[in-house]
Amino acid sequence: MVNILNAVLVLMRLILFGLSLGLTVISFQSYQRRQSQRLQYAFIGFAFISMGVAVTNLSTQIGTSGAAAGTELVLIQISETVPFIIGFAMIYLSLYR
């Protein structure tokens, strides 16, 4: 049962990553057609969100063990969060500029 659930989780993560990459591609194509600053910010935002999804997917595959596992885990979680912060800030700028 655990193997099936792990397979479902991996599939869901791949779908999430595919959707985020799809949004990035669509926003890039929109920016290429109409080169506005708002579309540029949206594209950069979606690119960083896709990066955050990728880092999150990779970091969950990395196991931390040993004495420094707590510190390493926090650093990994910080590296997951930073792309999301930048991405959502850029989308915010694209909507309100």
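Keep in mind that what you see is a predicted model, and the values were worked out from it rather than measured. (Residues numbered from 1 in each chain as written. Predicted model: local features only at pLDDT ≥ 70, side-chain atom pairs only at ≥ 80, totals over all residues. Heavy atoms only, no water.)

Caption draft 1: The confidence of the model for the protein, seen in detail. Of the residues in the protein, 92% have a pLDDT of 70 or more, and the chain-wide mean is 88. When pLDDT is averaged over each element of the protein, helix α1 (residues 2-33) comes out on top at 92 and helix α3 (residues 69-96) at the bottom at 89. (pLDDT = per-residue confidence, 0-100. Helix = DSSP H or I, 4+ residues; strand = E, 2+ residues; numbered from the N terminus.)

Caption draft 2: Summary view of the environment of Ser27. Here Ser27 lies in helix α1. C-alpha of Ser27 to C-alpha of Val55: the two residues are 28 residues apart in sequence and 21 Å apart in space. Those residues in contact with Ser27 that lie beyond four places of it in its chain are Ala42, Phe43 and Phe46. (Contact = heavy atoms within 4.5 Å.)

Caption draft 3: Representation of α1 in the model. The first and last C-alpha atoms of α1 sit 47 Å apart over 32 residues, in line with the 46 Å expected at 1.5 Å per residue. What α1 keeps buried is the set Ser20, Thr24, Ser27 and Tyr31. Summarising the contacts, the buried residues of α1 are in contact with α2 (37-61). (Expected span 1.5 Å × (residues − 1). Buried < 20%, exposed > 50% of the residue type's maximum accessible area, 1.4 Å probe, protein only.)

Caption draft 4: Region of the structure containing the packing of aromatic side chains. Scanning the entire structure with this criterion turns up two aromatic pairs. Look at Phe28 and Phe43: their rings are 5.0 Å apart centre to centre, the planes differ by 50°, and that puts the pair in the tilted class. Of this pair, Phe28 sits in helix α1 while Phe43 sits in helix α2, and the two are 15 residues apart along the sequence. Overall, the relative accessible area of 35% leaves Phe28 in the partly exposed class. Exposure remark for Phe43: the relative accessible area of 22% places this residue in the partly exposed category. (Phe/Tyr/Trp six-rings, centres within 6.5 Å; stacked < 30°, edge-to-face > 60°.)

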